[in-house]
Amino acid sequence: MNFALPAKVDLAFLPTPFHPLTHLSEALGGPNIFIKRDDQTGLALGGNKTRKLEFILAQALLEQADCVITAGASQSNHCRQTAAAAAKLGLECHLILGGEKPAQINGNILLDSMLGAHLHFAGGNRKGEDIPALVDSLKQQGKRPFVVPYGGSNCFGAIGYINAMCELKSQLDTAQIKMDHIVFASSSGGTHAGLALGNQLLEMNINVMGVNNDKQTSDKPLEQVIESLCAQTLTQLAIDSALPQINLNHNYVAKGYGVINELDKQALTMLAQTEGIILDPVYTGRAMGALIDMINQGLFDKDDNVLFWHTGGAPALFAYASTLTSD
Ligand SMILES: *Cc1c(COP(=O)(O)O)cnc(C)c1O
């Protein structure tokens with residue numbers, strides 16, 4: 001299908017690497033596991049939000065904004081990448097972070113402040129509840145604020161992941177590989193919406209499976225959030241198409257967001273020790289733990305090709321050091 005993507009600013013090193021995980025596949029006795037390295041998008045230690053910000057911040061520049069606001073958990077990778085993108089584009093950046101200011105500044109928060117972002121700690125409000133008040137106050141100071149939504153998940157963020165599927169398609173074509181499954185961490189839904197839409201629009205016929213890592217906190221199930229993002233994105237792109245099927249796996253939510261369990265820890269050490277690849281404790285460790293567990297349960301055929309989409313997040317590791325090293 002022919003479609004044109006909207007304005008984009010270059011923030012990432014693209015294409016990100018795509019390669020097989022031979023030793024992990026051997027250790028697990030098949031299927032053939034591959035990885036897409038969006039931990040290597042390049043901007044301030046990388047991650048999936050950089051692809052979204054390429055399209056979101058193009059809109060901020062079109063609107064001639066002079067500052068950006070976004071929100072997230074205290075160790076938010078999205079906030080860190082937004083702070084870096086804002087620095088690169090010469091925009092002032094305000095981050096509304098969940099929790100209280102920690103006694104020890106570590107991980108992503110250390111990077112946020114190094115990147116020059118203004119930090120606002122919001123207690124229990126880690127999903128942007130306090131954004132409207134900050135917008136008002138910046139406007140009163142004569143500024144032109146632009147709001148980047150929670151997780152960068154609006155239609156422009158999703159378009160970043162349609163763009164990513166175009167990139168993957170050309171890598172698969174070059175390597176002459178038919179991918180059967182993609183497994184990745186899904187949380188605010190923009191990555192999932194873009195991957196599912198890209199898969200459908202490019203007729204790639206891949207089972208796109210998100211692994212949820214958060215308990216439902218809004219009145220809408222995440223599937224509905226993702227579907228409505230898909231609908232908005234199709235409208236934005238003026239494409240007349242049915243909505244894709246959303247395959248979201250809730251079996252690994254466990255104790256919820258950022259509460260590290262044994263399976264997460266096993267996944268982190270297994271990837272590190274078989275492939276020398278560092279995962280993060282909150283998202284990719286959870287998604288890889290799910291993949292390993294599903295493989296051990298025999299849910300994939302031995303000759304299936306399975307892509308693990310690494311979405312980044314390793315800078316948060318250091319803030320979790322004490323949990324990760326306790327037995
Ligand atoms: C934000 C994030 C995700 C989830 O992406 P969404 O588009 O919010 O669903 C996955 N992995 C990492 C490391 C992230 O920072």
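Coordinates for the structure precede this section.
This one's a predicted model, so the numbers in the text were calculated from it and none came from an experiment. (Residues numbered from 1 in each chain as written. Predicted model: local features only at pLDDT ≥ 70, side-chain atom pairs only at ≥ 80, totals over all residues. Heavy atoms only, no water.)

### Description of the sheet that holds strand E3 (residues 67-72)
Through backbone hydrogen bonds, the strands of a sheet pair up, either in parallel or in antiparallel fashion. Quick note on the threshold: Two strands are said to pair when DSSP picks up at least two bridges between them. In this text, helices come from DSSP runs of H or I with a minimum length of four residues, and strands from runs of E with a minimum of two, each type numbered from the N-terminal end. Fitting a line to C-alpha atoms yields each axis, with helices limited to the stretch in contact; the angle taken between N-to-C directions then spans 0 to 180 degrees. Here, residues are in contact when the closest pair of their heavy atoms is within 4.5 Å.
Spatially, E5-E4-E3-E6 is the arrangement adopted by the four strands of the open sheet, whose pairing is parallel. Strands at the two margins of the open sheet, each flanked by one partner only, are strand E5 (118-121) and strand E6 (145-147). Strand-to-strand twist across the sheet, computed as the mean angle between neighbouring axes with direction ignored, equals 25°. Note: E3 against E6, three bridges, orientation parallel. Bridge pairing in E6 links isoleucine 69 to valine 147. Sitting on the sheet, helix H5 (residues 131-140) is in contact with E3, strand E4 (92-97), E5 and E6, with an inclination near 160° to E3.

### A closer look at the site of the ligand
Rules: We define proximity as follows: a residue is near a molecule or strand when any one of its heavy atoms falls within 4 Å of that partner. As used in this structure description, the phrase polar contact means that two N or O atoms lie within 3.5 Å; if the pair is within protein, one of them must be able to donate a hydrogen and the other to accept it, and residues adjacent in sequence are counted only when both atoms belong to side chains. For the area figures, the Shrake-Rupley method with a 1.4 Å probe applies, and any residue is considered shielded solely by the protein chains shown. Note on residue categories: nonpolar means Ala, Val, Leu, Ile, Met, Phe, Trp, Tyr, Cys or Pro, charged means Asp, Glu, Lys or Arg, and polar means any other residue, Gly included.
What surrounds the ligand is a group of 16 residues, the closest being Lys49, Lys52, Ser187, Ser188 and Thr311. Interatomic distance of 3.0 Å between a side-chain N/O atom of asparagine 77 and an oxygen atom of the ligand. Within the backbone of serine 187, one N or O atom sits 2.7 Å away from an oxygen atom of the ligand. Notes on the ligand: free accessible area 380 Å², of which the protein chains cover 98%. The set of elements that each furnish at least two residues to the shell around the ligand consists of helix H2 (49-62), strand E7 (181-186) and helix H7 (190-201). The class makeup of the residues in the shell around the ligand is two nonpolar, twelve polar and two charged.

### Section: helix H10 (residues 284-296)
Applied cut-off: How far a helix is expected to stretch is found by multiplying one less than its residue total by 1.5 Å. A simple rule labels every residue: compare its accessible area, found with a 1.4 Å probe on the protein chains alone, to the largest value its type can have, and call it buried under 20%, exposed over 50%, or partly exposed in between.
Between its terminal C-alpha atoms H10 stretches 18 Å, which fits the 18 Å expected from 13 residues at 1.5 Å a residue. Most of H10 is tucked away, with eleven of its 13 residues classed as buried. Those residues of H10 that sit buried are Thr284, Gly285, Arg286, Ala287, Met288, Gly289, Ala290, Leu291, Ile292, Met294 and Ile295. The positive-phi residue at the C-terminal boundary of H10 is glycine 298, with phi of around 75°.

### Considerations on the packing of aromatic side chains
Rule in force here: Any Phe, Tyr or Trp ring, taking Trp's six-membered ring, that has another such ring centre within 6.5 Å forms a pair; planes under 30 degrees apart are called stacked, those over 60 apart edge-to-face, and the others tilted. Consider the ring centre and the ring normal. A charge sits over the ring if Lys NZ or Arg CZ is within 6 Å of that centre and within 35 degrees of that normal.
According to the stated counting rule, one finds three aromatic pairs in the structure shown. Where phenylalanine 18 meets phenylalanine 34, the ring centres are 5.6 Å apart and the plane angle is 10°; that geometry is what we call stacked. Separated by 16 residues along the polypeptide, phenylalanine 18 in strand E1 (residues 18-20) and phenylalanine 34 in strand E2 (residues 32-37) bring together distant segments of the chain. Phenylalanine 34 shares its class with phenylalanine 18; the two are buried. With 5.7 Å between their ring centres and 80° between their planes, tyrosine 257 and tyrosine 283 make a pair best called edge-to-face. Of the two residues, tyrosine 257 is situated in the loop between strand E9 (247-249) and helix H9 (262-275) and tyrosine 283 in the loop between H9 and H10; the sequence distance between them amounts to 26 residues. For the residue pair tyrosine 257 and tyrosine 283, the accessibility class agrees, reading buried in each case. Across from the ring centre of tyrosine 283, 5.7 Å away, lies the NZ or CZ of lysine 49, which sits over that ring. Over the face of the ring belonging to tyrosine 161 we find arginine 51, whose NZ or CZ atom lies 5.7 Å from the ring centre.

### Notes on the packing of helix H6 (residues 155-175) against H7
Note the following rule: Oblique is the label for any angle not covered by the other classes, which are roughly parallel (under 35 degrees), roughly antiparallel (over 145) and roughly perpendicular (65 to 115). A clockwise turn of the near helix away from the far one marks a right-handed crossing, whereas an anticlockwise turn of less than a right angle marks a left-handed crossing.
Axis separation between H6 and H7 bottoms out at 7 Å; the angle between their running directions is 45°. The angle between H6 and H7 falls in the class oblique. Judged by the twist between their axes, the crossing of H6 over H7 is right-handed. Within the contact between the two elements, H6 uses Ala158, Tyr161, Ile162 and Met165 and H7 uses Gly190, Thr191, Ala193, Gly194, Leu195, Leu197, Gly198, Asn199 and Leu201.

### Quick look at the packing of H9 against H10
Packing of H9 against H10 brings their axes to within 8 Å, and their N-to-C directions diverge by 90°. Between H9 and H10, the crossing angle belongs to the class labelled roughly perpendicular. From H9, Leu263, Asp264, Ala267, Leu268, Met270 and Leu271 reach across to H10, where they touch Gly285, Arg286, Met288, Gly289, Ile292 and Asp293. Counted by class, the contact of H9 with H10 contains seven nonpolar, two polar and three charged residues.

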